[in-house]
Amino acid sequence: MKILPKHIQEKKNSGTPIVMLTAYEASQACLLDELEIDMILVGDSLGNVFAGLETTIPVTMDQMVYHTACVARGARRSLIVGDMPFLSSQISIEEGKINAGRLIKEGGAQAVKMEVGPADVETVRAIVSMGIPVIAHLGFTPQSVYQQGGYRVQGRSDSDADKMVTLAKTMEDVGCFGVLLEMVPSALATKIAIALDIAVIGIGAGMGCDGQVLVTHDVVGLLDKKPPKFVKQYANLHTEMKRALGEFKADVIARRFPTEEQGFV
Ligand code: KIV
């Protein structure tokens, strides 16, 4: 059974935690699908993680469509959420509609995620009214890293917190089926999760959210760098891959690979 936004809503209603992870390619998506992860996010974090960029800002719409299609081919059950990259929705409502439509039509996603501020309300409303399910990303929004003053927690002051609650509520009112909160004080995230009838997914937003999302590469330790504070790392695949590839190199140099076993007669 394909997971759809209505199933995410059922989980919110019954208080069942929602699990979301990122994937950028089919083999990762297949693994997450086998684990019955509720939602797979094809995040524009692929700019940092996959493409080695400093920020997500240069990621293009074509790149997001390509990676979303790769992921969609690998997952039958999980709900695929394609991320709207920088400049895909900010110029005009029309461009936002076309680009959200591309993630669904060409990418094979069932929903889109958008980093939002007050200026995006009408675009989100228009995309939802086309029949495209939307998750609104609030709090720290990496596409606005320069405006937000770096990678930092958002909503610490009373006025910023009030604005975030209002925006989250507006996103629910215009029809989003979920809100994603990144790097938000736990108490504020809990308040938003209680105030909203739709699912609130957290990343660095504490225990009071309805679900959690992390970047898969961080969870399994695929990158040779310290993960952010909000990550719990469950494996160190970087070390393990380095060991295996080092053994391969040593075997080739010592003529231990290939053997008869890997040859053809
Ligand atoms: O792009 C992404 O992967 C994200 C997550 C970090 C939530 O937005």
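As shown above, the structure is provided for reference.
The numbers attached to residues start from 1 for each chain and follow its sequence in the written order. Per-residue local features of the predicted model are confined to residues with pLDDT of at least 70, and side-chain atom pairs are confined, for both listing and counting, to 80 or more; whole-chain, interface and lining totals are unaffected and use all residues. Calculated side-chain values reflect all of the structure's heavy atoms, with hydrogen atoms and water omitted.

Visitor: A description of the site of the ligand should follow, citing residues and the corresponding values.
Guide: Whether a residue is near a molecule or strand depends on its heavy atoms: it is near if one of them lies within 4 Å of it. Lining the immediate environment of the ligand, one finds Thr22, Leu41, Gly43, Asp44, Ser45, Asp83, Lys113, His137, Leu180 and Ile203. Asp44 has a polar side-chain atom sitting 3.1 Å from an oxygen atom of the ligand. Side-chain polar atom of Ser45 to an oxygen atom of the ligand: 2.5 Å apart, as the coordinates give it. Isolated, the ligand exposes 260 Å² of accessible area, and the fraction of that covered by the protein chains is 95%. Here the shell around the ligand is built from residues that sort into three nonpolar, four polar and three charged. N or O atoms closer than or at 3.5 Å make up a polar contact, with two conditions inside protein: a donor-capable atom paired with an acceptor-capable one, and, for residues adjacent in sequence, both atoms drawn from side chains. Accessibility throughout is a Shrake-Rupley quantity obtained with a 1.4 Å probe, and a residue counts as covered only by protein chains that appear here. Classes in brief: Ala, Val, Leu, Ile, Met, Phe, Trp, Tyr, Cys and Pro nonpolar; Asp, Glu, Lys and Arg charged; the others, Gly included, polar.

Visitor: An account of the nonpolar core is requested, with residue identities and associated values reported.
Guide: Nonpolar side chains in soluble globular proteins generally cluster together in the buried interior. In plain words, nonpolar cores are sets of buried Ala, Val, Leu, Ile, Met, Phe, Trp, Tyr and Cys residues tied together by side-chain atoms within 4.5 Å. Exposure is judged per residue with a 1.4 Å probe applied to protein chains only, and the accessible area is read against the type maximum: over 50% gives exposed, under 20% gives buried, and values in between give partly exposed. Counting 72 residues, the largest nonpolar core has Met39, Leu138, Met171 and Leu181 as the members making the most contacts within it. Strands here mean DSSP runs of E at least two residues long; helices mean DSSP runs of H or I at least four residues long; both are numbered from the N terminus. Of all the elements, helix H7 (residues 158-173) adds the most residues to this core, at six residues. When checking whether two residues touch, look at their non-hydrogen atoms; a contact exists if any pair is within 4.5 Å. Look past the residues within four positions of Met39 in its chain and what remains in contact with it is Ile8, Ile18, Val19, Met20, Leu21, Leu79, Val81, Ile135, Phe177 and Ile201.

Visitor: Before we move on, could you go through the environment of Pro58 and cite the residues and values that matter?
Guide: With respect to the element layout, Pro58 can be found in the loop between helix H3 (46-49) and helix H4 (61-74). The class of Pro58 is partly exposed, set by a relative accessible area of 46%. For the pair Pro58 and Asp210, spaced 152 residues apart in the sequence, the C-alpha separation amounts to 31 Å. Each residue touching Pro58, except ones within four places of it in the same chain, is listed here: Leu53 and Gln63.

Visitor: Residues and numbers for the sheet that holds strand E6 (residues 178-182), please.
Guide: Strand pairing follows a simple DSSP-based rule, namely that at least 2 bridges must link the two strands. Taken in spatial order, the eight strands close into a barrel running E1-E2-E3-E4-E5-E6-E7-E8, and their pairing is parallel. Pairs of neighbouring strands in the sheet enclose a mean axial angle of 25°, with direction left out of account. Looking at chain direction, strand E7 (residues 199-203) and strand E8 (residues 211-214) are connected through two bridges and run parallel. Within E8, the position partnered with Gly202 by the bridge is Gln212. Here an axis means a line fitted to C-alpha atoms, over the contact stretch when the element is a helix, while the angle between two N-to-C directions is reported on a 0 to 180 degree scale.

Visitor: With reference to specific residues and values, describe the environment of Gln28.
Guide: Among the secondary structure elements, Gln28 is positioned in helix H2 (residues 26-34). A relative accessible area of 13% means that Gln28 is categorised as buried. Along the chain, Gln28 and Pro58 lie 30 residues apart, while their C-alpha atoms are 23 Å from each other. Beyond its immediate chain neighbours, meaning those up to four positions away, Gln28 contacts Ala23 and His217.

Visitor: Describe the state of the cysteines, with residues and values.
Guide: Note that a disulfide, as used here, is simply two cysteine sulfur atoms within 2.5 Å. Evaluation of the coordinates by the stated rule reveals zero disulfides. Cys176 provides the cysteine sulfur closest to Cys209, a residue in no disulfide bond, and the two sulfurs are 16 Å apart. The buried category is assigned to Cys209, whose relative accessible area is 11%.

Visitor: Any details on the side chain of Asp44? Residues and values, ideally.
Guide: As for its position among the elements, Asp44 is in the loop between strand E2 (39-42) and H3. Of the side chains with opposite charge, Lys113 comes closest to the buried, unpaired Asp44, at an N-O distance of 5.2 Å. In this structure the side chain of Asp44 is engaged in a polar contact, spanning 2.7 Å, whose partner is the side chain of Gln143. Ignoring any residue separated from it by four or fewer positions in sequence, one finds Asp44 in contact with Thr56, Val59, Met64, Asp83, Met84, Pro85, Glu115 and Gln143. When charges are counted, neither His nor the chain ends are considered; positive counts come from Lys and Arg and negative counts from Asp and Glu. Think of a salt bridge as a Lys or Arg side-chain nitrogen and an Asp or Glu carboxyl oxygen that are within 4 Å of each other.

Visitor: Account for the packing of aromatic side chains, with residues named and values stated.
Guide: Any Phe, Tyr or Trp ring, taking Trp's six-membered ring, that has another such ring centre within 6.5 Å forms a pair; planes under 30 degrees apart are called stacked, those over 60 apart edge-to-face, and the others tilted. Tallied over the full model, the rule gives two aromatic pairs. Aromatic side chains Phe140 and Tyr151 sit 5.2 Å apart centroid to centroid with 55° between the ring planes, which places their arrangement in the tilted category. Taken together, the residues Phe140 in the loop between strand E5 (134-139) and H7 and Tyr151 in the loop between E5 and H7 connect sequence positions 11 residues apart.

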